[in-house]
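So you can see what is in the structure, the chains are spelled out below.
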Amino acid sequence: MVVGFLGLGLMGEPMAANLLRAGTKLVVWNRTAARTAPFRAAGADVAGSVAEVFERAPVVLAMLANAAAGIVVTKVGTATVTGAELRRSTEG
């Protein structure tokens, strides 16, 4: 199974790295694209957008700075990502 990971900051980076080391197929995204380079080098796929992560992974983990960052990153409430889409992605 592919797992998506949003946010490769102070907490997200080691969490995603542990998943990758454990053999999990990851697709990652970060607002600062340079933070994805070590993950690409280690075998993770790097998505060009948050929407791509949700399209490619049935499970998406997010480790973002705060709720405001979550709203900005996922664009909840916009035509890009709706609450219904988020629920569908978690219902399997």
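Up top is the structure these notes are about.
Nothing here was measured: the structure is a model prediction, and the numbers come from that model.

Participant: How do you make sense of the overall build of the protein when you look at a structure like this?
Facilitator: Summing up its helical and strand segments, the protein has 5 helices and 4 strands in all. When the helices and strands of the protein are listed from N to C terminus, the series reads β-α-β-α-β-α-β-α-α. In the protein, the proportion of contacts linking residues at least 24 apart, taken out of those at least 6 apart, comes to 48%. Counting only carbon and sulfur atoms, one obtains 59% of the accessible surface of the protein, whose full area is about 5500 Å².

Participant: Would you explain a nonpolar patch on the surface in this entry?
Facilitator: Taken together, the side chains of Met1, Val59 and Leu61 make up a nonpolar region of the molecular surface, amounting to roughly 280 Å² of accessible area. You can see leucine 61 is positioned in strand β4 (residues 59-62).

Participant: How do you make sense of the sheet that holds strand β1 (residues 2-6) when you look at a structure like this?
Facilitator: Pairing between sheet strands relies on hydrogen bonds along the backbone, with the strands arranged either parallel or antiparallel. Read from one edge of the open sheet, 4 strands run β3-β2-β1-β4, paired in parallel fashion. Each edge of the open sheet carries a strand with a single partner, namely β3 (45-46) and β4. Examined bridge by bridge, strand β2 (residues 25-29) and β3 share 2 bridges and lie parallel to one another. The residue of β3 that forms the bridge with valine 28 is valine 46.

Participant: Honestly, the nonpolar core in this entry has me stumped. Any pointers?
Facilitator: Generally speaking, a soluble globular protein has its nonpolar side chains buried in company with each other. Counting residues in hydrophobic clusters, the biggest one holds 11 residues: Val3, Phe5, Leu8, Ala16, Ala17, Leu20, Leu26, Val28, Phe39, Ala44 and Val46. Mapped onto this core, the elements with two or more residues apiece are β1, α1 (12-21) and β2. Per element, the largest residue contribution to this core is 3 residues, and it comes from α1. Those residues in contact with valine 28 that sit more than four places away from it in its chain are Phe5, Leu8, Thr36, Phe39, Ala44, Asp45, Val46, Ala47 and Val53.

Participant: In this structure, what is going on with the environment of arginine 40? I would like to understand it.
Facilitator: One can find arginine 40 in helix α2 (residues 37-41). The spatial distance from the C-alpha of arginine 40 to the C-alpha of valine 28 is 8.7 Å, given a sequence separation of 12 residues.

Participant: Explain α1 to me, please; I cannot follow it from the model alone.
Facilitator: In an α-helix, one full turn covers 3.6 residues, which means residues spaced three or four apart are oriented alike. Within α1, burial applies to Gly12, Ala16, Ala17 and Leu20. Buried residues in α1, looked at end-on, bunch into an arc of 125°, giving them a common side. Check the buried side of α1 and you find it contacts β1, β2 and α2. Glycine 23 occupies a position one or two residues after α1 and carries a positive phi of about 95°.

Participant: In this structure, what is going on with the side chain of asparagine 30? I would like to understand it.
Facilitator: Residue placement: asparagine 30 occurs in the loop between β2 and α2. Polar side-chain contacts of asparagine 30 include one of 2.6 Å to the backbone nitrogen of leucine 8. There is a polar contact of 3.0 Å between the side chain of asparagine 30 and the backbone oxygen of threonine 32. If near-sequence neighbours (up to four positions away) are discounted, asparagine 30 is found in contact with Gly7, Leu8, Gly9, Arg35 and Thr36.

Analysis parameters
- Residues numbered from 1 in each chain as written.
- Predicted model: local features only at pLDDT ≥ 70, side-chain atom pairs only at ≥ 80, totals over all residues.
- Heavy atoms only, no water.
- Helix = DSSP H or I, 4+ residues; strand = E, 2+ residues; numbered from the N terminus.
- Contact = heavy atoms within 4.5 Å.
- Areas by Shrake-Rupley, 256 points an atom, 1.4 Å probe, with all protein chains shown as cover.
- Patch = residues over 30% accessible without salt bridge, like charges linked within 9 Å, V, L, I, M, F, W, Y side chains within 5 Å.
- Salt bridge = Lys/Arg side-chain N within 4 Å of Asp/Glu carboxyl O.
- Pairing = 2+ DSSP bridges.
- Core = buried A, V, L, I, M, F, W, Y, C linked by side-chain atoms within 4.5 Å.
- Buried < 20%, exposed > 50% of the residue type's maximum accessible area, 1.4 Å probe, protein only.
- Arc of directions from axis to C-beta.
- Polar contact = N/O pair within 3.5 Å; in protein donor to acceptor, adjacent residues only side chain to side chain.

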